[in-house]
Amino acid sequence: RRLRASLDPGPHHPEAARAAAADSERAAREWAEYREQKQAQMMSLPEPPAGPGVVHVAIRMPSGVRLQRRFHPTDKVQLLYDLVDGCGDLEQAVASKFQLASSYPKKILADPESTLDAAGLSSQVALFLHDID
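Let us look at the structure shown here. (Residues numbered from 1 in each chain as written. Predicted model: local features only at pLDDT ≥ 70, side-chain atom pairs only at ≥ 80, totals over all residues. Heavy atoms only, no water.)

## Observations regarding the environment of Glu33
By the secondary structure assignment, Glu33 is in helix 2 (residues 14-44). Classification of Glu33 as exposed rests on a relative accessible area of 52%. (Helix = DSSP H or I, 4+ residues; strand = E, 2+ residues; numbered from the N terminus. Buried < 20%, exposed > 50% of the residue type's maximum accessible area, 1.4 Å probe, protein only.)

## What about the pattern of salt bridges?
All told, the structure shown has one salt bridge when counted by the stated rule. A salt bridge links Glu47 to Arg70; its shortest N-O distance comes to 4.0 Å. Here Glu47, found in the loop between helix 2 and strand 1 (55-60), pairs with Arg70, found in strand 2 (residues 66-71); they are 23 residues apart in sequence, far enough to count as distant. We classify Glu47 as partly exposed; its relative accessible area is 37%. (Salt bridge = Lys/Arg side-chain N within 4 Å of Asp/Glu carboxyl O.)

## Points about the pairing of strand 1
Relative to strand 2, strand 1 runs antiparallel, the two sharing six bridges. Bridge pairing in strand 2 links Ala58 to Gln68. Hairpin connection between strand 1 and strand 2: a loop of five residues separates the two successive antiparallel strands, and Gly64 in this loop has a positive phi of roughly 100 degrees. Strand direction decides the pairing type here: strand 1 and strand 5 (residues 124-131), joined by five bridges, are parallel. Within the sheet, the bridge partner assigned to Arg60 lies in strand 5 and is Phe128. (Pairing = 2+ DSSP bridges.)

## What about the packing of aromatic side chains?
Evaluated as defined, the whole model comprises one aromatic pair. Geometrically, the ring pair formed by Tyr81 and Phe98 is stacked, given 5.7 Å between the ring centres and 25 degrees between the ring planes. Of this pair, Tyr81 sits in helix 3 (residues 78-86) while Phe98 sits in strand 3 (residues 98-103); the two residues are 17 residues apart in sequence, bridging distant segments of the chain. The exposure class assigned to Tyr81 is buried, which follows from its relative accessible area of 12%. Positioned over the ring face of Phe71 is Arg69, at 5.1 Å from the centre of the ring. (Phe/Tyr/Trp six-rings, centres within 6.5 Å; stacked < 30°, edge-to-face > 60°. Lys NZ or Arg CZ within 6 Å of the ring centre and 35° of its normal.)

Take a look at the structure:
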């Protein structure tokens with residue numbers, strides 16, 4: 001038993017703690033890089049001017065922050081998810097556990113490949129983050 005205990009570092013062993021910290025730092029770095037990539041992607045897409053045929057989207061974040069942007073009706077729903085991922089208002093653990101939804105009538109935007117028009121989003125729409133768990 002004593003030999004096994006010395007070969008198997010438990011969760012309180014300094015090496016295990018360092019490895020866990022390194023994994024956590026790596027995951028945080030990867031999340032920051034992903035978020036920056038999504039921010040750059042959204043910044044590179046020209047926002048259409050206000051007017052007929054444009055979809056104005058407002059997304060209420062859990063923190064109360066409200067994201068607003070205009071899209072073409074032919075844009076994909078995935079762009080809405082990219083907007084949320086790039087805003088920096090979500091922690092990594094939360095970011096993978098939500099879906100966008102409209103409040104009334106309640107509709108979950110589950111198909112990221114669907115266009116905004118096909119998803120029933122037109123003119124002005126207010127969305128919120130629907131917790132999957």
